[in-house]
Amino acid sequence: MNYMANKIVRYFGTGVIFTLVLLSACSAGGGSNGSASEIDAARIEGRIAARKILTRSWRDTGELVTKIEEARSLRAHYDSLGHGQAAEAFDSSFVSTIRHLNPVLGKIVDRIH
């Protein structure tokens, strides 16, 4: 009987520890501002959106402004989920990539912002 009770306590204790680990992992990554991997993904998306603008030659400023506004509206995905840090990471990465690679376009982006 004692052996059986120890076995039950051991399994129960393992189950409790496992549950606590899962709960702490869920609460750490599922915050209102998104997880670290989501923030990194937003940064990457911001760089990609900036490079799409930078790799094209623009003859019409109006079209350029429209494309910049469209690219920046991609952050709305993160805003709609309530992940403000990911939205800010997207926007910051987008703007800094353009400023760094083409300062003239960076000034246009600053004016639009």
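What this report covers is the structure whose coordinates are included nearby. (Residues numbered from 1 in each chain as written. Predicted model: local features only at pLDDT ≥ 70, side-chain atom pairs only at ≥ 80, totals over all residues. Heavy atoms only, no water.)

With respect to the nonpolar core
Part 1 of the reasoning: One finds I53, I68 and F94 to be the most contacted residues of the largest nonpolar core, which totals 19 residues.
Part 2 of the reasoning: A total of 7 residues in this core trace back to one element, the largest contributor, which is helix α5 (residues 84-101).
Part 3 of the reasoning: When near neighbours in sequence (up to four residues on either side) are disregarded, I53 contacts W58, L64, K67, I68, A71, F94 and L105. (Core = buried A, V, L, I, M, F, W, Y, C linked by side-chain atoms within 4.5 Å. Buried < 20%, exposed > 50% of the residue type's maximum accessible area, 1.4 Å probe, protein only. Helix = DSSP H or I, 4+ residues; strand = E, 2+ residues; numbered from the N terminus. Contact = heavy atoms within 4.5 Å.)

What to know about the side chain of H83
Part 1 of the reasoning: Mapped onto the elements of the fold, H83 is located in the loop between α4 (76-80) and α5.
Part 2 of the reasoning: According to the relative accessible area criterion, H83 is buried, its value standing at 15%.
Part 3 of the reasoning: Looking at H83, its side chain comes within polar contact range of the side chain of E38, at 2.7 Å. (Polar contact = N/O pair within 3.5 Å; in protein donor to acceptor, adjacent residues only side chain to side chain.)

A look at helix α6 (residues 103-112)
Part 1 of the reasoning: Those residues of α6 not exposed but buried are L105, G106, I108 and V109. Summarising the axial view, the buried residues of α6 lie within an arc of 160°, below the 170-degree limit, and thus occupy one face. Within α6, the exposed residues directed more than 90 degrees away from the buried face are P103, V104, K107 and R111.
Part 2 of the reasoning: Contact partners of the buried residues in α6: α2 (36-54), α3 (61-72) and α5. (Arc of directions from axis to C-beta.)

Points about the side chain of R75
Part 1 of the reasoning: Residue placement: R75 occurs in the loop between α3 and α4.
Part 2 of the reasoning: Those residues within four positions of R75 in sequence are excluded, and the remaining contacts are A87, E88, F90 and D91.

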